[in-house]
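# Survey of secondary and tertiary structure
Take a look at the letters that make up each chain.
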Amino acid sequence: MDIIRNFPLFTIILSLFSGVLCLVLDAKAARRYTLGYEGVILCLCGAVFWYAVRTGRAVTYVCGEFPAPWGNELRFGVLEAMMACGFIAVLICCVVAGGRYILQDIDESKINLYYALINLLTAALMAIVWTNDVFTGYVFLEILTLTSCGILIVREIGRTTLAAVRYMILNLMGSGLFLLGLVLLYDVTGNLLMVPMQEEIAQLMAQPHTAMVVTMATGILTMGLAIKSGLFPFHYWMPDAYGWATPTSGAIMSSLVSKCYIFLLFKIYYRAIGIEVFARMPIRYLLLALGMCGIIFGSVSALRAENINHMAAFSSAAQIGYIYMGLGLGGESGYAAAMFHILAHAVTKSLIFLTTPRLAEASGNSLRFRALQGSALRDRGAGMFFTVGALSMIGIPVFAGFSSKLLVAMAAADTGKGALMLSVILVLAVSAVLNAQYFIRTLIRIFGDSEDTADKTAYFREDFILPMAALTGMNLALGLFSWLFTDLIRMGLGMFG
Amino acid sequence: MIGNLLANYEEAVAIILFGIGFTMVLFQRNLIRKLIGMNIMDTGVFLFLASMGYIRGRKAPIILDPSLPAESYINPVPAGLVLTGIVVSVSVTAIMLSLCVRLYRRYHTLEIDDIYRLSKHQMEDR
């Protein structure tokens, strides 16, 4: 069974290779090949997950037999494997369900390039999830940024280009800050591998003047990744980027790319800086405050949006706030809540971004709320799955969204600080009301009376229904068996540091 | 304070360059200027890395005389990081320039405010 230890590396190499291969395939072959190999990657990640759960300890994989502190390392435990499985499963659903729009939105000669980008994006996702080296993290972070920009601009309309420029400018500022923070940390610790870096930092924190450098570097690095993942007040690029991209790209960017940045940030906190050291830093409270602001302002902006995709994108900004709030609350329960919400939001938001274009299609191709009146009656399949996503976002029990909100509230209670707990619960309550307001308003709109209720999608499309059913299944599993997933996440956190 | 800055003038210059680049990216309204700012920002980080990696009096890590101790060489990793960083920066710049070309063809300007104003009038179809 020891061959499974090589699987994380295989997932990265195979994805890079597939990216190159897709350049020479035609559109149809590239699609078939991509789906097949993503299936293989899912199996590999599943095997790694099974191995990590069975052995109960993290495995460090040394690339090229150079031991620490020189070589490059991958490291996997339950949490990494779980994230990898979740990310790949959602990615497959996005690619399958958005297939028809890929054909519509992209020039036929460029479709194989789109799949090449998807494969390279998978390589970056996998590398960031598995890596144990901060500089490898940076390199693949840039690959992730470039490929996500690629899948955005491949739909050649003016608005996607403009959205891509805004996306890239903010992302490049984030990358610059991340690189500067990383270089400062390397300067004071002399290590790029996370575990030796943590040992150095533990010693550096004993001296006040070096502790200040570490805190500053962590702050710069945090700011970089916060900009990249779209934490308030850096979330204004989201609506255009998510809203105008082809649905597969919008879903992948909102549910996977931004989450991957947060996962890397969390990994650096936990493994490179040391979670006890991080818990004592004031940055934590800044993240908590910005997370809370993100929840409120994101929801208010969503409420004012006139376009259903813009509403969903602003709601993503609010959901990013939940994740940062979990990180800011700290403690095992806070981190577990943040990690759970990464998965919960990934399965929910992709459901929403993949159903809205079908609702629009049944309403004269307009995403404006006014045009969407009664659209769920014209496309019942899309309406049903949108409803599942919306109910999960509001936080109705049984769905994943409810469990993650409950976990955040419980994490706040676990801190034992009355004022903090009260403010978190207050923000959760306000956000629940706002969420309910804009999603229920949308549901009323799409199920509302309309003169035209003829079913526009008379035929059964399994390439839409099956991935949507899979995402709904994952959503329900996360909601109904949240105890199982939190137990696994806690187990993963135990072997994460 | 001033003495420290003078002693580490390379690092101080690197941070100033980074600041200049960062503010350019943030406040310039012309896309090409933003791009130049981005490159200045990256250059600042590379200068920081390169100056940190060089220790006066030591040699490049190429072993010609095996009797010399390891302390007589500099660490090659920072230089490797600078090279990797330059590759990343070049590819990012290429993508951004191609985006600028595409925007210019469509809107005939590179002022971000004008482009934004023009794009508002476009159809909002899916």
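Scroll up a little and you will see the structure.
The residue numbers shown here count from 1 along each chain, following its written sequence. Lettering for chains starts from A, numbering for ligands starts from 1, and both go in the order in which the items are written. Local features in this predicted model are restricted to residues whose pLDDT is 70 or higher, and side-chain atom pairs enter the listing and the counts only when it is 80 or higher, whereas totals over whole chains, interfaces and linings include all residues. To get the side-chain values, take all heavy atoms of the structure and skip hydrogens and water.

### Looking at the overall build of chain B
- Put simply, DSSP marks the helices as runs of H or I at least four residues long and the strands as runs of E at least two long, and each gets a number from the N terminus on. Of the regular secondary structure elements, chain B holds 5 helices and 0 strands.
- When the helices and strands of chain B are read in sequence order from the N terminus, they spell out α-α-α-α-α.
- Each radius of gyration is computed over the set of C-alpha atoms, and the globule rule expresses the reference value as 2.2 Å times the number of residues to the power 0.38. Over its C-alpha atoms chain B spans a radius of gyration of 21 Å, topping by over 25% the 14 Å that the globule rule assigns to 126 residues.
- With the principal axes as the frame, chain B shows a C-alpha extent of 75 × 35 × 20 Å.
- Contact criterion: two residues are considered in contact whenever any of their non-hydrogen atoms come within 4.5 Å of each other. In chain B, the proportion of contacts linking residues at least 24 apart, taken out of those at least 6 apart, comes to 49%.
- Residue exposure ignores everything except the shown protein chains as possible cover, and the areas themselves are Shrake-Rupley values with a 1.4 Å probe. Looking at chain B as shown, the accessible area adds up to about 7,600 Å², and 67% of this sits on carbon and sulfur atoms.
- Here chain B contributes 12 positive and 10 negative side-chain charges, whose respective centroids are spaced 7 Å apart. In this tally, Asp and Glu contribute negative charge and Lys and Arg positive charge; neither His nor the terminal groups of the chain are included. Where a charge lies is defined by one atom per residue type: Lys uses NZ, Arg uses CZ, Asp uses CG and Glu uses CD.

### Quick notes on the overall build of chain A
- Regarding its fold elements, chain A presents 20 helices and 2 strands.
- Taking 497 residues into account, the globule formula puts the C-alpha radius of gyration at 23 Å, and chain A, at 22 Å, falls close to it.
- With the principal axes as the frame, chain A shows a C-alpha extent of 70 × 55 × 40 Å.
- The proportion of buried residues among the 497 residues of chain A is 65%.
- Looking at chain A alone, contacts between residues at least 24 apart form 81% of all its contacts between residues at least 6 apart.
- If you sum the accessible surface of chain A, you get close to 16,100 Å²; carbon and sulfur atoms cover 67% of it. Summary of the burial criterion: residues with accessible area below 20% of their type's maximum are buried, those above 50% are exposed, and those between are partly exposed, where the area comes from a 1.4 Å probe applied to protein chains only.

### Notes on the interface of chain A and chain B
- The interface is formed by 43 residues belonging to chain A together with 38 residues belonging to chain B.
- Accessible surface is computed with a 1.4 Å probe, and the buried area is the amount of it that two parts give up when combined, taken over both parts together. Where chain A abuts chain B, roughly 3,800 Å² becomes buried across the two surfaces, and 73% of that area is made up of carbon and sulfur atoms.
- Looking at the side of chain A facing chain B, the largest losses of area belong to A:Arg159, A:Leu162 and A:Met173, adding up to 16% of the total buried there.
- Definition used for salt bridges: Asp or Glu carboxyl oxygen within 4 Å of a side-chain nitrogen of Lys or Arg. At the junction of chain A with chain B, the criterion picks out 1 salt bridge.
- Measuring nitrogen to oxygen at the nearest pair gives 3.7 Å for the salt bridge that ties A:Glu156 to B:Arg102.
- Contacts described as polar in this section are N or O atom pairs within 3.5 Å, which, within protein, must combine one atom able to donate a hydrogen with one able to accept it, while residues neighboring in sequence count only if both atoms come from side chains. One can count 2 residue pairs in polar contact (both at pLDDT 80 or more) joining chain A with chain B.
- The element that contributes the greatest number of residues to the side of chain A that touches chain B is helix 7 (residues 158-189) of chain A, accounting for 19 residues.
- Under the convention adopted here, Pro, Cys and the residues Ala, Val, Leu, Ile, Met, Phe, Trp and Tyr are nonpolar, Asp, Glu, Lys and Arg are charged, and Gly plus all remaining residues are polar. Tallied by class, residues from the side of chain A that touches chain B come to 27 nonpolar, 7 polar and 9 charged.

### Observations regarding the environment of A:Gly176
- One can find A:Gly176 in helix 7.
- The exposure class of A:Gly176 is buried, given its relative accessible area of 2%.
- Taking C-alpha positions, A:Gly176 is 33 Å from A:Leu303, a pair spaced 127 residues apart along the chain.
- When near neighbours in sequence (up to four residues on either side) are disregarded, A:Gly176 contacts B:Phe18, B:Met41 and B:Val45.

### Observations concerning the pattern of salt bridges
- Here the structure, examined in full by the defined rule, presents 11 salt bridges over all chains.
- For the salt bridge of B:Arg117 with B:Asp114, the shortest nitrogen-to-oxygen distance reads 3.3 Å. Placement of both B:Arg117 and B:Asp114 in helix 5 (residues 112-120) is noted, with a separation of 3 residues, approximately one turn of the helix.
- Classification of B:Arg117 by relative accessible area gives partly exposed; the value is 49%.
- By relative accessible area, which is 26% here, B:Asp114 ends up partly exposed.
- Sharing partners across several salt bridges, the network here consists of A:Lys110, A:Glu156 and B:Arg102.

### Points about the packing of helix 6 (residues 134-153) of chain A against helix 7 of chain A
Residue and element names in this part refer to chain A.
- Interaxial angles span 0 to 180 degrees and are taken between N-to-C directions of axes, which are lines fitted to C-alpha atoms, for helices over the stretch in contact. Two elements in contact, helix 6 and helix 7, have axes whose closest approach is 10 Å; the angle formed by their N-to-C orientations is 175°. One finds that helix 6 runs roughly antiparallel with respect to helix 7. From helix 6, Val134, Phe135, Tyr138, Leu141, Glu142, Thr145, Leu146, Ser148, Cys149, Leu152 and Ile153 reach across to helix 7, where they touch Thr160, Thr161, Ala163, Ala164, Tyr167, Met168, Asn171, Leu172, Ser175, Phe178, Leu179 and Leu182. Working definition: roughly parallel below 35 degrees, roughly antiparallel above 145 degrees, roughly perpendicular at 65 to 115 degrees, and oblique for all remaining angles.

### Notes on the packing of aromatic side chains
Residues and elements named next belong to chain A.
- Note on ring pairs: Phe, Tyr and Trp rings are taken, using the six-membered ring of Trp, and paired if centres are within 6.5 Å. Classes follow the plane angle, with under 30 degrees stacked, over 60 edge-to-face and the rest tilted. A full pass over the atoms with the stated rule returns 23 aromatic pairs over all chains.
- Between the aromatic rings of phenylalanine 266 and phenylalanine 496, the centroid separation amounts to 5.6 Å while the plane-to-plane angle is 15°, which identifies the pairing as stacked. One end of the pair, phenylalanine 266, is in helix 11 (residues 247-279); the other, phenylalanine 496, is in the segment after helix 20 (482-494), with 230 residues separating them in the sequence.
- Using a relative accessible area of 0% as the deciding quantity, one classes phenylalanine 266 as buried.

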